[in-house]
Amino acid sequence: DQQVKQNSPSLSVQEGRISILNCDYTNSMFDYFLWYKKYPAEGPTFLISISSIKDKNEDGRFTVFLNKSAKHLSLHIVPSQPGDSAVYFCAASLDYGGATNKLIFGTGTLLAVQP
Amino acid sequence: KAGVTQTPRYLIKTRGQQVTLSCSPISGHRSVSWYQQTPGQGLQFLFEYFSETQRNKGNFPGRFSGRQFSNSRSEMNVSTLELGDSALYLCASSLDLGSNQPQHFGDGTRLSIL
């Protein structure tokens, strides 16, 4: 049962344009959402997160939007740069009041930014 | 500041053998989690440790086990290896428990089963 879904396995964008990566989830009890970026032969790197009580969080070129009624979140990268080319994972957590760090990941979206 | 260190980086085993993977968290981090990444499956949670205690376990068979030492270093063990155990095994550490604690991943151990 895939509780976190990334339905687009890949995305290609021109340099300087906006990249929009999408993620859907099924469990309305998730209280925290995160995005990680992963280059080949490296571990995932934390990008940005958002609490379920918010609908937007911004950090430089990265913005995450959360639509709880639709159980949908998205990551916007503006402007996209060739160095952003990587696999992006969406993840969700059930905090249980600070009792766990367990993350549930989507299957990832490969972003290719064309120069 | 050194990151999360996983050893070895690559490992080749045959079916039926057992393997032990090691993870050294960032200095001061007390929580360690393990994930398995296979093509098309994303990252699947294996287990997490905090203060030498297993706090949570994923949906994996008993062949998968782990432990954490007093210095927060962690090991995971897989016994009676199967072909399907071929995967990238990732370790993540964080300062404490709670989803607002960013998790920092190591570069993983690539395990191949022949």
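The sections below set out a description of the structure shown in this document.

1. Quick word on the state of the cysteines
Line of reasoning, step 1. Counted by the stated rule, this structure contains 2 disulfides over all chains.
Line of reasoning, step 2. The disulfide bridge from Cys23 of chain A ends at Cys90 of chain A, spanning 2.0 Å between sulfur atoms. Residues Cys23 of chain A and Cys90 of chain A are joined through a disulfide that is left-handed, its torsion about the S-S bond being -70 degrees. Highlighted residues: Cys23 of chain A in strand β3 (residues 19-25) and Cys90 of chain A in strand β9 (residues 86-93), separated in sequence by 67 residues.
Line of reasoning, step 3. The buried category is assigned to Cys90 of chain A, whose relative accessible area is 1%.
Line of reasoning, step 4. For Cys23 of chain B, the disulfide goes to Cys91 of chain B, at an S-S distance of 1.8 Å. Across the disulfide from Cys23 of chain B to Cys91 of chain B, rotation about the S-S bond amounts to roughly -60 degrees, and the bridge is consequently left-handed. One end of the pair, Cys23 of chain B, is in strand β3 (residues 19-24); the other, Cys91 of chain B, is in strand β9 (residues 87-94), with 68 residues separating them in the sequence. In this pair, the class of Cys23 of chain B matches that of Cys91 of chain B, namely buried.

2. Quick look at a nonpolar patch on the surface
Line of reasoning, step 1. On the surface, Ile18, Ile20 and Val78 of chain A cluster together to form a nonpolar patch covering roughly 220 Å² of accessible area.
Line of reasoning, step 2. Topologically, Ile20 of chain A is positioned in strand β3.

3. Describing the pattern of salt bridges
All names here are of chain B.
Line of reasoning, step 1. Taken as a whole and judged by the stated rule, the model has 6 salt bridges over all chains.
Line of reasoning, step 2. Across the pair Asp85 and Arg63 runs a salt bridge, and its minimum N-O distance is 2.8 Å. Placement of the pair is Asp85 in the loop between β8 (74-78) and β9 and Arg63 in the loop between β6 (53-57) and β7 (64-68), with a sequence separation of 22 residues. In this pair, the class of Asp85 matches that of Arg63, namely buried.
Line of reasoning, step 3. Residue Glu75 pairs with Arg73 through a salt bridge whose shortest N-O separation is 3.4 Å.
Line of reasoning, step 4. The class for Glu75 is buried, based on a relative accessible area of 16%.
Line of reasoning, step 5. Here the salt bridges do not stand alone but share partners, grouping Arg63, Glu82 and Asp85 into one network.

How each quantity is defined
Residues numbered from 1 in each chain as written. Chains lettered and ligands numbered in written order. Predicted model: local features only at pLDDT ≥ 70, side-chain atom pairs only at ≥ 80, totals over all residues. Heavy atoms only, no water. Disulfide = S-S within 2.5 Å. Helix = DSSP H or I, 4+ residues; strand = E, 2+ residues; numbered from the N terminus. Buried < 20%, exposed > 50% of the residue type's maximum accessible area, 1.4 Å probe, protein only. Patch = residues over 30% accessible without salt bridge, like charges linked within 9 Å, V, L, I, M, F, W, Y side chains within 5 Å. Areas by Shrake-Rupley, 256 points an atom, 1.4 Å probe, with all protein chains shown as cover. Salt bridge = Lys/Arg side-chain N within 4 Å of Asp/Glu carboxyl O.

Geometric values such as these leave the question of function open.
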